[in-house]
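Remarks on the overall topology
Take a look at the letters that make up each chain.
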Amino acid sequence: YAQKLIDAFGVKVLEVIDTQPERLATVPGIGQKRSEAIIKGWIDQKEISHIMVFLQDKGISTTYATKIYKKYGSKAIDVVTENPYRLADDIWGIGFKIADQIAQNMGFEFNSLKRVTSGILFSLSQNSNDGHLYYLLEDLKAKTLELLDLTPCDDIAHKLKMGLHNLYNNEKIILVSPKENEHYVALAMHYYAEKGVANKLQFLLKQHRNTV
């Protein structure tokens, strides 16, 4: 079919597809249905090309750019432009450090709320990788500042507070307070997983007692 199009339009075939796509259906052997498929494929490829060029211009490798496109499709540019830190949550293989580098390449401020919020999640994830599901609130704040290389100040303290509130309201984290002035933070998915295991163990224990 490509040969048929070249025979009909020569070196201007791509220009015809782009500017006069209705002419494709006039080529013998192409027809209306295949013409529509060719036009759609051309539009899709242009969109992919535009997205890939944008992502690579921001320092994103082809491998990661492909993953981003597969995840977000035509919304990829909007998502990355609005909040590149989403990549760390949504795409396997893109962690906080890569997302942070992308954000810096896009001009996000070092002390932006989005960076601080993502840094909190990153700190909690690192803590869980070390085998701990809960992080003392004040220790979590200190660790986040250390990881982000930020100096404590009123503005940063406010953003830490806002970041924690946003994560809590979006059900990403859980706050546990065993004592009045003792607060721990955990990733919601870990908290509910642990709670599920505890409930299952209680159920099994109850079943065992009933059969004794």
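Residues numbered from 1 in each chain as written. Predicted model: local features only at pLDDT ≥ 70, side-chain atom pairs only at ≥ 80, totals over all residues. Heavy atoms only, no water.

**Let's talk about the overall build of the protein**
The line we're drawing: Strands here are runs of E lasting at least two residues and helices are runs of H or I lasting at least four, both read from the DSSP assignment and numbered beginning at the N terminus. Remark: exposure states derive from per-residue accessible area (1.4 Å probe, protein chains only) relative to the maximum for the residue type, with buried under 20%, exposed over 50%, and partly exposed in between. In what follows, a contact means two residues having at least one pair of non-hydrogen atoms within 4.5 Å. The charge count includes Lys and Arg as positive and Asp and Glu as negative, but it does not include His or the ends of the chains. Charge positions come from single atoms, namely NZ of Lys, CZ of Arg, CG of Asp or CD of Glu.
The secondary structure content of the protein amounts to 11 helices and 3 strands. Listed by position from the N terminus, the elements making up the protein come as α-α-α-α-α-α-α-α-β-α-α-β-β-α. With respect to the principal axes defined by its C-alpha atoms, the protein has extents near 80 × 60 × 25 Å. When burial is assessed residue by residue, the protein has 31% of its 212 residues classed as buried. Across the protein, the fraction of contacts at a sequence separation of at least 24, relative to all contacts at a separation of at least 6, is 48%. Distance between charge centroids for the protein: 8 Å, based on 26 positive and 25 negative side chains.

**A closer look at the pattern of salt bridges**
Keep this limit in mind: Only one rule defines a salt bridge in this text: a Lys or Arg side-chain nitrogen within 4 Å of an Asp or Glu carboxyl oxygen.
What the rule picks out here adds up to 8 salt bridges. Residue E82 pairs with K114 through a salt bridge whose shortest N-O separation is 3.8 Å. Here K114 lies in helix α8 (residues 113–129) and E82 lies in helix α5 (residues 76–82), a separation of 32 residues in the sequence. According to the relative accessible area criterion, E82 is partly exposed, its value standing at 46%. By relative accessible area, which is 31% here, K114 ends up partly exposed. In this structure, the salt-bridge partner of R115 is D100, at a minimum N-O distance of 2.8 Å. Of this pair, R115 sits in helix α8 while D100 sits in helix α7 (residues 96–105), and the two are 15 residues apart along the sequence. Each member of the pair, R115 as well as D100, is classed as buried.

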